Amino acid sequence: MNKDYKPIACGLYDELELRALRKQKTKITFKNDSDHVQTIDCIISDLFTKDKAEFLKTSDGLIVRLDDILEVDGIIYNKIC
């Protein structure tokens, strides 16, 4: 499914960036490609932009689109910056 990217809350991006810099284990709940809610424990290895959308990459190689994230370490974020 190809949907338009909706910018995430600035606070969420800052938290993801901080966790990536610290190589901190993070629990992320997000909607996967099948539109099912999935929760993973991971270390964020990279944050990047591709085709006008923002993504994170885990140390295991999983790619998550940032506007699909619902919670980070149990904190729910508003979607808009």
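Residues numbered from 1 in each chain as written. Predicted model: local features only at pLDDT ≥ 70, side-chain atom pairs only at ≥ 80, totals over all residues. Heavy atoms only, no water.

Spatially, the six strands line up as an open sheet ordered S4-S3-S2-S1-S5-S6, and their pairing is antiparallel. At either end of the open sheet lies a strand with only one pairing partner, and these are strand S4 (63–65) and strand S6 (75–76). In terms of strand pairing, strand S1 (residues 25–31) meets strand S2 (residues 37–50) through seven bridges, oriented antiparallel. Bridge pairing in S2 links Ile 28 to Ile 40. Relative to the sheet, helix H1 (residues 10–22) contacts S1, S2, strand S3 (53–58) and strand S5 (69–72), its axis offset from that of S2 by approximately 90°. (Pairing = 2+ DSSP bridges. Helix = DSSP H or I, 4+ residues; strand = E, 2+ residues; numbered from the N terminus. Contact = heavy atoms within 4.5 Å. Axes fitted to C-alpha atoms, helices over the stretch in contact; angles between N-to-C directions.)

This part takes up the pairing of S5. The pairing of S1 with S5 spans three bridges and is classified as antiparallel. When the sheet's bridge partners are listed, Phe 30 is paired in S5 with Ile 69. For S5 and S6, the ladder comprises two bridges, and the chain directions are antiparallel. Along S6, the bridge assignment pairs Glu 71 with Ile 76.

Ranked by internal contacts, the top residues of the largest apolar core, which has 20 residues, are Leu 12, Leu 16, Ile 28, Ile 44, Leu 56, Leu 66 and Ile 69. Counting residues per element, the ones that place at least two in this core are H1, S1, S2, S3 and S5. Aside from chain neighbours lying at most four places away, what touches Leu 12 is Ile 69, Val 72 and Tyr 77. (Core = buried A, V, L, I, M, F, W, Y, C linked by side-chain atoms within 4.5 Å. Buried < 20%, exposed > 50% of the residue type's maximum accessible area, 1.4 Å probe, protein only.)

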